Amino acid sequence: MKNKTSYICKICHAPAPRWQGQCSKCQAWNSLEAVVSTPLRSSTMTITQPVDLRTIETGVQDRTSTRMGSLDSVLGGGFVPGGVVLLGGEPGIGKSTLLLQVAGTMRETGQQVIYVSGEESLSQIRSRADRLDMLDDQLLAMTTNAVEDILACMDQHPALVIVDSIQTMVSSQAEGLPGSVAQVRAVATTLVERAKQSGVTVVLVGHVTKDGQIAGPKLLEHMVDTVLYLEGDKELQVRILRVVKNRFGPANELVLFEMRGQGMSIIEDPSTFFLQARDTALSGTALVMCMESQRPFVVEVQALVTKTFLAFPRRTALGFDANRLHLLIAVMEKRLHVNFGQMDVYAKIGGGLRMKDPGMDLGIVAALLSSLYDRPLPEGAVFWGEVDLNGQIRPVFGHDVRRKQAQNLGYSPLVHPKTSEAKTSGWGRLLDVQHMLFGAPSAKYSG
Ligand code: TYD
Ligand code: MG
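How each quantity is defined
- Numbers given to residues run from 1 along each chain, matching the order in which its sequence is written.
- Just so you know, chain letters begin at A and ligand numbers begin at 1, following the order they were written in.
- Residues qualify for local features only when their pLDDT is at least 70, as the model is predicted, and side-chain atom pairs are given and counted only at 80 or more; totals for whole chains, interfaces and linings, by contrast, use all residues.
- Think of the side-chain values as coming from all heavy atoms in the structure, minus any hydrogens and water.
- Segments assigned H or I by DSSP are reported as helices when at least four residues long, segments assigned E as strands when at least two residues long, and all are numbered from the N terminus.
- To estimate how far a helix should extend, the number of its residues minus one is multiplied by 1.5 Å.
- Strand pairing is assigned whenever DSSP detects at least two bridges linking the two strands.
- Lines fitted to C-alpha atoms define the axes here, with helix axes fitted over just the stretch in contact, and angles between the N-to-C directions of these axes take values from 0 to 180 degrees.
- When a residue's accessible area, from a 1.4 Å probe over protein chains only, is under 20% of the maximum for its type it is buried; when over 50% it is exposed; and in between it is partly exposed.
- Distances are taken per atom, and a residue is near a molecule or strand as soon as one of its heavy atoms is within 4 Å of it.
- Pairing of N or O atoms within 3.5 Å defines a polar contact, subject to two protein rules: one partner must be a possible hydrogen donor and the other a possible acceptor, and residues neighboring in sequence count only if both atoms are side-chain atoms.
- The accessible surface values rely on the Shrake-Rupley method and a 1.4 Å probe; as for residues, cover is taken only from the protein chains in view.
- Domain boundaries shown here were taken from an automatic or database domain assignment.
- For this analysis, residues touch if any pair of their heavy atoms sits within 4.5 Å.
- Here the quantity called buried area is the accessible surface, traced with a 1.4 Å probe, that two parts lose on coming together, added over both.
- A pairing counts as a salt bridge when a side-chain nitrogen of Lys or Arg comes within 4 Å of a carboxyl oxygen of Asp or Glu.
- Each angle receives one of four descriptions, namely roughly parallel if under 35 degrees, roughly antiparallel if over 145, roughly perpendicular if within 65 to 115, and oblique otherwise.
- Left-handed describes a crossing whose near helix is turned anticlockwise from the far helix by less than a right angle; the clockwise case is right-handed.
- Under this grouping Gly is polar, as are all residues other than the nonpolar Ala, Val, Leu, Ile, Met, Phe, Trp, Tyr, Cys and Pro and the charged Asp, Glu, Lys and Arg.

1. Digging into helix α5 (residues 181-198)
- The end-to-end C-alpha distance of α5, which contains 18 residues, comes to 26 Å, matching closely the 26 Å that a straight helix rising 1.5 Å per residue would cover.
- Following α5 by one or two positions, Gly 199 has its phi on the positive side, about 75°.

2. Focus: the sheet that holds strand β10 (residues 238-246)
- Read from one edge to the other, the open sheet built from nine strands follows the order β6-β5-β7-β8-β4-β9-β10-β11-β12, with strand pairing classed as mixed. Bordering the open sheet on either side are β6 (140-143) and β12 (263-266), each of which pairs with just one other strand. When the angles between neighbouring strand axes are averaged without regard to direction, this sheet yields 25°.
- Looking at chain direction, strand β9 (residues 226-231) and β10 are connected through six bridges and run antiparallel. Across the sheet, residue Leu 230 finds its bridge partner in β10, namely Leu 241.

3. Digging into the pairing of strand β5 (residues 113-117)
- Across the five residues that make up β5, a large majority, five, are buried.
- In this structure, β5 lies alongside strand β7 (residues 160-164), joined through five bridges in parallel fashion. Residue pairing in the sheet places Ser 117 in a bridge with Asp 164 of β7.
- Strand direction decides the pairing type here: β5 and β6, joined by four bridges, are parallel.

4. Points about the site of ligand 1
- Residues in close proximity to ligand 1 total 16 residues, the closest being Gly 92, Ser 96, Thr 97, Arg 260 and Gly 263.
- Residue Gly 261 places a main-chain N or O atom 2.9 Å away from an oxygen atom belonging to ligand 1.
- Between ligand 1 and the protein, one listed contact pairs an oxygen atom with a backbone N or O atom of Gly 263 at 2.6 Å.
- The fraction of the free accessible surface of ligand 1 (560 Å²) that becomes covered by protein chains is 75%.
- Mapped by element, the contributors of at least two residues to the shell around ligand 1 are α2 (95-108), α3 (122-131) and β11 (253-260).

5. Some remarks on the domain arrangement of the chain
- Annotation of the chain at the domain level lists domain 1 (4-37), domain 2 (65-268) and domain 3 (275-445).
- Taking only C-alpha atoms into account, the centre of domain 2 sits 38 Å from that of domain 3.
- Each partner contributes residues to the interface: domain 2 has 13 residues there, and domain 3 has 10 residues.
- A buried area of about 940 Å², summed over both sides, lies between domain 2 and domain 3, and 47% of it is on carbon and sulfur atoms.
- Together, Arg 242, Glu 253 and Leu 254 form the three largest contributors to the area buried by domain 2 at its contact with domain 3, with a combined 36%.
- Along the contact surface separating domain 2 from domain 3 lie zero salt bridges.
- Counting across the interface, domain 2 meets domain 3 through one residue pair in polar contact (both at pLDDT 80 or more).

6. Looking at unusual backbone geometry
- For the bond from Asp 164 to Ser 165, the omega torsion is 0°, close enough to zero to count as cis.
- Along the chain, Ser 165 turns up in the loop between β7 and α5.
- Here Ser 412 and Pro 413 are connected by a cis peptide whose omega angle stands at -5°.
- Note that Pro 413 resides in the loop between α9 (399-408) and β20 (414-415).
- Positive phi, normally seen in glycine, also occurs at His 13, with a value near 60°.
- Considering the arrangement of structural elements, one finds His 13 in the loop between β1 (4-9) and β2 (15-16).
- Among the residues examined, His 13 registers a relative accessible area of 32% and is labelled partly exposed.
- Even without being a glycine, His 157 presents a positive backbone phi close to 55°.
- Structurally, His 157 is set in the loop between α4 (147-154) and β7.
- Taking the relative accessible area as the measure of exposure, His 157 reaches 53% and is therefore exposed.

7. Here's the deal with the packing of helix α8 (residues 361-373) against helix α10 (residues 430-438)
- One way to put it is that α8 packs onto α10 with a least axis distance of 11 Å and a crossing angle of 45°. Between α8 and α10, the crossing angle belongs to the class labelled oblique. As for how α8 packs across α10, the hand of that crossing is right-handed. From α8, Leu 362, Val 365, Ala 366, Leu 369, Ser 370 and Tyr 373 reach across to α10, where they touch Leu 430, Gln 434, Leu 437 and Phe 438.
- In the contact of α8 with α10, the residues fall into eight nonpolar, two polar and no charged.

Pasting the structure below:
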């Protein structure tokens, strides 16, 4: 059977049966690249039949521990043999550093790990391993751009092969430059296939483009078993490793790391990590018990409300969606009778974190009020709860875990929503929280 060549537009990914100068969908010029597809199945091969699932082994495979406590647990107990993990993140965020550390710690238990780099020279990798104090006599590294070399490595049956990065590898099965859609797809397909056959775990590094997609679109996410993203503010030390997808363990988990001079170290107790050096006597800051994964931790929300000198006042949100800030300001103007019309509003999450937890709402509102009135919130107060458009405070997921954690850490008062189980404690209306914190609104601020 012959291989068939078809074409795909590298901009809009529309397929085309033959090469042409202009993509017929997005009208871009010179954007088509060839994809060679091998025939699916030849007629002489045996047909696959469905089987009774009970006859299949349970596949609770022996996990390979990464020897990094929390990392193991977010992976669901370590790497799965034959599993393929994608680690995405912006250039320079620490992907290579983290993986070299994993390679080093796994070496300590005598497991064979091969670090394949298409980006750095062997001497660069060596000096990084030196710096991380990971230079073990058996830590194997290789520099190549050919996927065939990686396949040859996998034939040695190591426990783990790290491919840094998928965008630098080429397969002779496909055309195009490294990093093109066709190449990324071909390289990933080959490696996933071989991982499943050989039982070798493969970690693929994928650079993320500015708009947050792994270059060679989201296509990679479907092909692999586990997708991890490393994110954070490069100016700050904190890095967040998020589990976006996991066929073998919990999703929506995260691990927090601190980037140090000697590599990344896991923040084992994030509950108070983000609160260092906080002045409780200042207005405009609130503590939030937030949950971005199964573990709650406290972060500081800062707000600054100042008189504007602009025709259109500024609204800036750092670390969370600006639309949430607009929405909360609108709710506060309508339900709390405060007026931000002549005010610039800035709000940010401390520690360079980027949060999506809807439970942040109540804390953001408290910080905004505190800055507007220029009065600090009660020392030790901690907030969580979602604010809806009617000015009601809604329960959020993980309520009990948040409350337990807040009590353990000695916070008081706890300002949180009423829940269906405990109707007597908690707050239902934003207006009541405002009164509790600042008394009845004074004439000066009422709208
Ligand atoms: P790197 O792992 O090369 O990023 P990526 O592979 O995601 O592109 O990270 C490089 C950055 O990390 C660089 O700015 C230096 C910093 N770094 C440390 O702060 N401490 C360290 O121990 C190492 C090895 C790097
Ligand atoms: Mg790198």
